[in-house]
Amino acid sequence: GDARAMMFVGRAFSGRGEAGRRLRKARAQLAGAVDCVWAGFALCGADGRFVLANASYLSGDPARRDFLKPGVTFEEFIARAMRSHPDFNGDEATLAHEVAKRLAWFRSGGASNEISDATGRWYLVSHRRTPSGSTIVMSTAIPERKRVEQHVRDRAEQPRLVLHHAPFGIYVPNGRRI
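These lines cover the structure that appears in this document, whether it is placed above or below. (Residues numbered from 1 in each chain as written. Predicted model: local features only at pLDDT ≥ 70, side-chain atom pairs only at ≥ 80, totals over all residues. Heavy atoms only, no water.)

1. A few points about the overall build of the protein chain
In step 1: When you go through the protein chain residue by residue, the secondary structure sums to six helices and five strands.
In step 2: The N-to-C order of helical and strand elements in the protein chain reads α-β-β-α-α-α-α-β-β-β-α.
In step 3: Taking the intrachain contacts of the protein chain between residues at least 6 apart in sequence as the baseline, contacts between residues at least 24 apart amount to 38%.
In step 4: Element-wise, carbon and sulfur atoms account for 56% of the exposed surface of the protein chain, whose accessible area totals about 11400 Å². (Helix = DSSP H or I, 4+ residues; strand = E, 2+ residues; numbered from the N terminus. Contact = heavy atoms within 4.5 Å. Areas by Shrake-Rupley, 256 points an atom, 1.4 Å probe, with all protein chains shown as cover.)

Next up, the structure:
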């Protein structure tokens, strides 16, 4: 993976010598390891600000790619992502309510949910709290699962549509007319 795709927040380390070299090496190793994770991966500090994310997490959704930077709060990110979603109708009161729901979900520290992004792609997003109070966010695309669910819904709807649009009555042996 390309370590340049990683985002890091932190104080600039001005130390020189062995300690500075070790810190730079550890950061590079962490960047490489996180970028190798196949699922989208992001880390928020205990203060709710993004610390780092891998290329998989940043790809796809323009709200992630263009806005998610080190130091951005999860609340700011959620509000921005929801405003860019095609279903957003401009109602700020509804937006505030939905952001509050997502924040409660995020702060629960151990939840999973299915979320669509501004491009219409679906993801299974999971949050897990670390012992230090930070939160790990894992995001996995689930397009096949959503396609199958839609197919099942469509198939279940077909008999009702046939009955509704049939130009004749149907007699069911239990004596009820449909």
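What follows continues from the structure just given.
2. Some words on the sheet that holds strand β5 (residues 135–141)
Strand pairing in a sheet relies on backbone hydrogen bonds, with the paired strands running either antiparallel or parallel.
In step 1: Taken in spatial order, the five strands of this open sheet run β2-β1-β5-β4-β3, and their pairing is antiparallel. Only two strands of the sheet have a single neighbouring strand rather than two, namely β2 (50–53) and β3 (112–116). Neighbour-to-neighbour, the strand axes of this sheet turn through a mean angle of 25°, independent of strand direction.
In step 2: The pairing of strand β1 (residues 40–44) with β5 spans five bridges and is classified as antiparallel. Paired with Cys44 across the bridge in β5 is Thr135. (Pairing = 2+ DSSP bridges. Axes fitted to C-alpha atoms, helices over the stretch in contact; angles between N-to-C directions.)

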